[in-house]
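Now for the letters of each chain:
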Amino acid sequence: MRQIPSSILQDLHGIKGFNEQAFLEAHDQPAPVSVRVNGAKDIGLFATEEKVPWCEGGVYLPERPVFTLDPAYHAGAYYVQEASSMFLDHLLRHVIQGRTGLRVLDLCAAPGGKSTLIASLLDKDSLLISNEVIRTRASILEENMTRWGYMNTWVTSNDPRDFTKLTGYFDVIVVDAPCSGSGLWRKDARAIDEWSEANVQMCGDRQQRILADVWPALKEDGILVYATCSYSPKEDEEVLDWLAETYDATSCTVPLKEEWGIAEVQSGKGMTGYRFFPGNVKGEGFFIAAVQKKEEADEMRMGRFKTFNDRKMQEMAGFLLRDNDFVCIQGKEDFSALLPAHEGDLNILKQCVYLRRTGLPMGNPSAKDWLPSHDVALSIDKNERLPAIELSREQALLYLKREDMGIEGAQKGWLLVKYNGLGLGWVKSLGNRMNNYLPKHWRIRMELPE
Ligand code: SAM
């Protein structure tokens, strides 16, 4: 392990839970491997592994498998996520308290760890806006959210300032802020060489700007969750202090178990945060806090809007989904299904932000048949009685490489490709051969083992 900068160790002295020796020793150990199971696609994977105690579905794996070679990973059965950051599950369950019909913004969402977690704990009537400002990263986010399979998760690609106009619209905003990244040094030791105090300062300033941009979009009594993977107080407690000085906000606290090793810390202005130090916790460096907005916030009105529902398309597309409680809207290239409760949200959001993925893309009806979207194959709302073909692991990997699976004699027409009962994509069977409809950019590029 490279030398940890002495200035960061100095900054941490006196912070509750920081034990320099345990911290340095932990940096000579490998980071634990953990995944979070998708409860809506649970096929009993990892059932006997050690649980991450603060997250439903979170488990530690004894070693790191080659996830790319597991078709269940491609089907969205689980997400590979660092264990400390899964604490968002425990925190959100406490602050939401089973409330339904929430509007939630995950502002800095790529590649999708927090968004997949949030999607799993919201009810169907809630709406999650998963946003990523950097376009290339937004496409990775979109791919991961498609795998996860939720119709009520929409993907946007906007600068935080574009959300300012949505006054009082969100019940919860999660800001997993871009940061100096010291908490992930165990996973990438080279990042130690790139770390500098000047960068920490720059990140702290940017974090304040980002929070200032989205604060107006939070409802009165709404919850702002702020997180970083930095150890620096400038990016953690000092940002909470800035929030407390600038706005009317109170801290939310959640119960902890001592054996988790998580430290509840107080900022200079008495705001509460939670710190994760390797050596104390089985996970990486992480900081998280939740505050409640105590200011009046004018809520955006839904206003009157013309329904977008295309009933003809809804009837035509009905066979693709399990239930009929969706509306069908025409997008730029194809149709999307969304819940009727979210039609008004579409009306508001499309005026302010760039919607990359609205509801569930369904594909295109053609004169002869329906060209189904890849998203339907991965959706948790699809009709489970669609014509399908179950593949072995070897066949599934060939499918994911877009190579010939050597299957003959299958029934003709569109077939949903399944692995362990989970949708992977589509093929069109012509009887003697099959056309593979896995999107080209989803293809596995690595060589398959012999
Ligand atoms: N929440 C993600 C997850 O759990 O997978 C990780 C988010 S990462 C810590 C921070 C994200 O913020 C990155 O995807 C980065 O591209 C994005 N970002 C960078 N600059 C930003 C800015 N000025 N405003 C908002 N987001 C930004």
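Asks: Please explain the overall build of the protein as it appears in this structure.
Replies: Within the protein, the secondary structure is distributed over 13 helices and 21 strands. Counting across all 450 residues of the protein, residues that qualify as buried make up 57%. The contacts in the protein between residues at least 6 apart in sequence include a share of 73% that link residues at least 24 apart. Counting every atom, the protein has about 19,800 Å² of accessible surface; 46% of that belongs to carbon and sulfur. Here the protein contributes 52 positive and 64 negative side-chain charges, whose respective centroids are spaced 7 Å apart.

Asks: Looking at this structure, how should I read the environment of glycine 181?
Replies: With respect to the helices and strands, the residue glycine 181 is situated in the loop between strand E7 (170-176) and helix H7 (191-194). In this structure, the C-alpha to C-alpha distance between glycine 181 and glycine 57, residues 124 residues apart in sequence, is 26 Å. Apart from the residues lying within four places of it in its own chain, the contact partners of glycine 181 are Cys229 and Ser230.

Asks: What should I look at first to understand the side chain of lysine 401 in this one?
Replies: Mapped onto the elements, lysine 401 comes out in the loop between helix H13 (393-400) and strand E19 (413-419). Among buried charged residues, lysine 401 stands out as having no salt bridge; its nearest opposite-charge side chain is glutamate 403, 4.4 Å away. With near-sequence residues (within four places) excluded, lysine 401 lies in contact with Arg443, Ile444, Arg445, Met446, Glu447 and Leu448.

Asks: How should the pattern of salt bridges be read in this particular structure?
Replies: Oppositely charged side chains can form a pair if their charged atoms are brought close together. Applying the stated criterion across every chain, the model contains 20 salt bridges. The salt bridge partner of aspartate 159 is arginine 161, with a shortest N-O separation of 3.7 Å. You can call aspartate 159 partly exposed: its relative accessible area is 22%. The exposed category is assigned to arginine 161, whose relative accessible area is 53%. Among the charged side chains, a salt-bridge network with shared partners connects Glu56, Asp89 and Arg93.

Asks: Looking at this structure, how should I read a negative patch on the surface?
Replies: A surface patch of like charges, here negative, comprises Glu403, Asp404, Glu408, Glu447 and Glu450. Turning to its location among the elements, glutamate 450 is positioned in the segment after strand E21 (434-436). Classification of glutamate 450 as exposed rests on a relative accessible area of 100%.

Asks: Explain the site of the ligand to me, please; I cannot follow it from the model alone.
Replies: Taken together, 17 residues surround the ligand, and among them Cys108, Gly113, Glu132, Arg137 and Asp176 come closest. Side-chain polar atom of glutamate 132 to an oxygen atom of the ligand: 2.6 Å apart, as the coordinates give it. Contact with the protein chains covers 83% of the free accessible surface of the ligand, which is 600 Å². Of all the secondary-structure elements, those providing two or more residues to the shell around the ligand are helix H5 (113-121) and helix H8 (197-214). Among the residues making up the shell around the ligand, the classes are represented as ten nonpolar, two polar and five charged.

Asks: Explanation requested: the pairing of strand E10 (residues 263-266) in the structure shown.
Replies: Of the two faces of E10, the one lined by Ala263 and Val265 is fully buried and the one lined by Glu264 and Gln266 carries no buried residue. Where E10 lies against strand E11 (residues 272-276), four bridges are found, and the strand directions are antiparallel. Paired with glutamine 266 across the two strands is threonine 272, which belongs to E11. Between the antiparallel neighbours E10 and E11 lie five residues, among them glycine 270 with a positive phi of about 80 degrees.

Asks: Can you help me understand the sheet that holds E19 in this one?
Replies: Adjacent strands of a sheet form backbone hydrogen bonds with each other and so pair up, either parallel or antiparallel. Spatially, four strands are ordered E18-E19-E20-E21 in an open sheet, and the strand pairing comes out mixed. With partners counted over all chains shown, the strands left at the sheet margins are strand E18 (388-391) and E21, one partner each. Put simply, the sheet's adjacent strands are angled 40 degrees from each other on average, direction ignored. Sheet topology places strand E20 (residues 422-429) next to E21; three bridges connect them, and they run antiparallel. The residue bridging lysine 428 from the neighbouring strand is asparagine 435, located in E21. Taken strand by strand, H13 contacts E18, E19, E20 and E21, and its axis lies near 70 degrees from that of E20.

Asks: Even after reading the chapter, I still don't get the environment of alanine 249, so can you show me in this structure?
Replies: Its location among the elements puts alanine 249 in strand E9 (residues 249-252). A C-alpha to C-alpha distance of 5.4 Å links alanine 249 and glutamine 292, two positions 43 residues apart in sequence.

Asks: Help me out: how do you make sense of the sheet that holds strand E17 (residues 370-372) in this one?
Replies: Reading across from one edge, E13-E14-E16-E17 is the order of the four strands in this open sheet, with antiparallel pairing throughout. Of all the strands in the sheet, just strand E13 (327-330) and E17 have a single pairing partner and so form its edges. Recorded for the sheet is a direction-independent mean angle of 35 degrees between the axes of neighbouring strands. Pairing geometry for strand E14 (residues 335-338) and strand E16 (residues 360-365), over three bridges, is antiparallel. If you follow alanine 337 over to E16, its bridge partner there is leucine 360.

Asks: What should I look at first to understand unusual backbone geometry in this one?
Replies: Most of the time, phi is negative for any residue but glycine, and the peptide bond is trans. Of the consecutive residues alanine 110 and proline 111, the connecting peptide bond is found in the cis state with omega at 5 degrees. Checked against the element boundaries, proline 111 lands in the loop between strand E4 (103-106) and H5. One non-glycine residue, arginine 402, lies in positive phi territory at about 60 degrees. By secondary structure assignment, the location of arginine 402 is in the loop between H13 and E19.

Asks: Help me understand helix H4 (residues 87-96) in this model?
Replies: For an α-helix, the turn length of 3.6 residues means that residues three or four places apart are oriented alike. When you tally the buried positions in H4, you get eight out of ten residues, the bulk of the element. Residues Phe87, Leu88, Asp89, His90, Leu91, Leu92, Val95 and Ile96 constitute the buried set of H4. Check the buried side of H4 and you find it contacts H5, E7, strand E8 (218-228), E9, E11 and strand E12 (286-293). Where H4 ends, the next residue or the one after it, glutamine 97, has phi of about 55 degrees, a positive value.

The rules behind these values
- Residues numbered from 1 in each chain as written.
- Predicted model: local features only at pLDDT ≥ 70, side-chain atom pairs only at ≥ 80, totals over all residues.
- Heavy atoms only, no water.
- Helix = DSSP H or I, 4+ residues; strand = E, 2+ residues; numbered from the N terminus.
- Buried < 20%, exposed > 50% of the residue type's maximum accessible area, 1.4 Å probe, protein only.
- Contact = heavy atoms within 4.5 Å.
- Areas by Shrake-Rupley, 256 points an atom, 1.4 Å probe, with all protein chains shown as cover.
- Lys, Arg positive; Asp, Glu negative; His and termini not counted.
- Charge placed at Lys NZ, Arg CZ, Asp CG, Glu CD.
- Salt bridge = Lys/Arg side-chain N within 4 Å of Asp/Glu carboxyl O.
- Patch = residues over 30% accessible without salt bridge, like charges linked within 9 Å, V, L, I, M, F, W, Y side chains within 5 Å.
- Near = heavy atom within 4 Å.
- Polar contact = N/O pair within 3.5 Å; in protein donor to acceptor, adjacent residues only side chain to side chain.
- Nonpolar A, V, L, I, M, F, W, Y, C, P; charged D, E, K, R; others polar.
- Pairing = 2+ DSSP bridges.
- Axes fitted to C-alpha atoms, helices over the stretch in contact; angles between N-to-C directions.

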